[in-house]
Amino acid sequence: MSNAAPAPSPEAFTTRVVSHAPSKVLRAITDPTHLARWWGPAGFTNSFREIDVRPGGDWRFTMHGPDGKDYPNESEFIEVGPERVVVRHLSGHRFTLTISLDAEGAGTRIGWRQVFDEAEECERVRPFIEPANEQNLDRLEAELAAMP
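Let me begin by describing the structure that accompanies this report.

Procedures and definitions
Residues numbered from 1 in each chain as written. Predicted model: local features only at pLDDT ≥ 70, side-chain atom pairs only at ≥ 80, totals over all residues. Heavy atoms only, no water. Helix = DSSP H or I, 4+ residues; strand = E, 2+ residues; numbered from the N terminus. Rg over C-alpha atoms; globule rule 2.2 N^0.38 Å. Buried < 20%, exposed > 50% of the residue type's maximum accessible area, 1.4 Å probe, protein only. Contact = heavy atoms within 4.5 Å. Areas by Shrake-Rupley, 256 points an atom, 1.4 Å probe, with all protein chains shown as cover. Polar contact = N/O pair within 3.5 Å; in protein donor to acceptor, adjacent residues only side chain to side chain. Pairing = 2+ DSSP bridges. Phe/Tyr/Trp six-rings, centres within 6.5 Å; stacked < 30°, edge-to-face > 60°. Core = buried A, V, L, I, M, F, W, Y, C linked by side-chain atoms within 4.5 Å.

### Comments concerning the overall build of the protein
- Scanning the protein from N- to C-terminus turns up 3 helices and 7 strands.
- Moving toward the C terminus, one meets the helices and strands of the protein in the order β-α-α-β-β-β-β-β-β-α.
- Relative to the globule expectation of 15 Å for 148 residues, the C-alpha radius of gyration of the protein, 16 Å, shows essentially globular dimensions.
- Taking the principal axes of the C-alpha coordinates as reference, the protein spans close to 55 × 40 × 30 Å.
- Residue burial in the protein is summarised as follows: out of 148 residues, 42% are buried.
- Pairs at least 24 residues apart make up 46% of the contacts formed inside the protein by residues separated by at least 6 positions.
- Counting every atom, the protein has about 7,800 Å² of accessible surface; 53% of that belongs to carbon and sulfur.

Below you can see the structure in the form of structure tokens.
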């Protein structure tokens, strides 16, 4: 029997079922007006400089934290489709985010999977990203409720 610690995981994953159709959830993710309102943890706001929501499209924006700090971000859309959106985060923490959208009853099961380039980086930021991802989904759910 080994007392070795388990190897660090490069992946953070959460899932949530929302009471909105996948098409509406996709619109909240791909429409820059909606996306700017919910993206990021609680207390953050966004300024989008460039957003081209298509495979190969750039997404450059600044997240403004509740602490008054600005966090520049650069990403690329890898896949945009009715069942999933894949975004490659190119600045700071390097990871690929896959947002899956699966119909479940009248709603949608959202899968939120981040796979980091380095498992050690994922483990280092896990205490922040796990609650932040839940807050992101809380904000998405609030935006969905406000959308026509």
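### What to know about the side chain of Asn-133
- Summarising the element assignment, Asn-133 is placed in helix 3 (residues 119-146).
- Only 2.7 Å separates the side chain of Asn-133 from the side chain of Gln-114, close enough to count as a polar contact.
- Ignoring sequence-local partners within four residues, the contact set of Asn-133 consists of Thr-14, Trp-112 and Gln-114.

### Overview of the side chain of His-89
- Here His-89 lies in strand 5 (residues 84-89).
- Owing to a relative accessible area of 10%, His-89 belongs among the buried residues under this scheme.
- In this structure the side chain of His-89 is engaged in a polar contact, spanning 2.7 Å, whose partner is the side chain of Asn-73.

### Here we look at the pairing of strand 2 (residues 45-51)
- As judged from the 6 bridges shared by strand 2 and strand 3 (residues 58-64), these two strands associate in the antiparallel manner. Counterpart to Ser-47 in the pairing with strand 3 is Thr-62.
- Here strand 2 folds back onto strand 3 in antiparallel fashion, the turn holding 6 residues, of which Gly-56 has a positive phi close to 90°.

### Looking at the packing of aromatic side chains
- Enumeration according to the criterion identifies 10 aromatic pairs in this entry.
- Ring geometry for Trp-59 versus Phe-77: centroids 5.5 Å apart, planes at 20°, classification stacked. Taken together, the positions of Trp-59 in strand 3 and Phe-77 in strand 4 (residues 70-80) put the pair 18 residues apart, joining distant regions of the chain. Each member of the pair, Trp-59 together with Phe-77, is buried.
- An aromatic cluster is built from Trp-38, Trp-39, Phe-48, Trp-59, Phe-61, Phe-77 and Trp-112, whose rings are joined through pairwise contacts.

### Looking at the nonpolar core
- With 30 residues, the main nonpolar core has Val-25, Trp-38, Trp-39, Ile-110 and Leu-140 as its most contacted residues.
- At the level of elements, strand 1 (11-18), helix 1 (22-30), helix 2 (32-38), strand 3, strand 5, strand 6 (95-104), strand 7 (107-116) and helix 3 are the ones that each hand at least two residues to this core.
- Broken down by element, the residue count for this core peaks at 6 residues, all from helix 3.
- With residues up to four places along the chain from it excluded, the contact list for Trp-38 reads Ala-28, Ile-29, Trp-112, Asn-136, Arg-139, Leu-140 and Glu-143.

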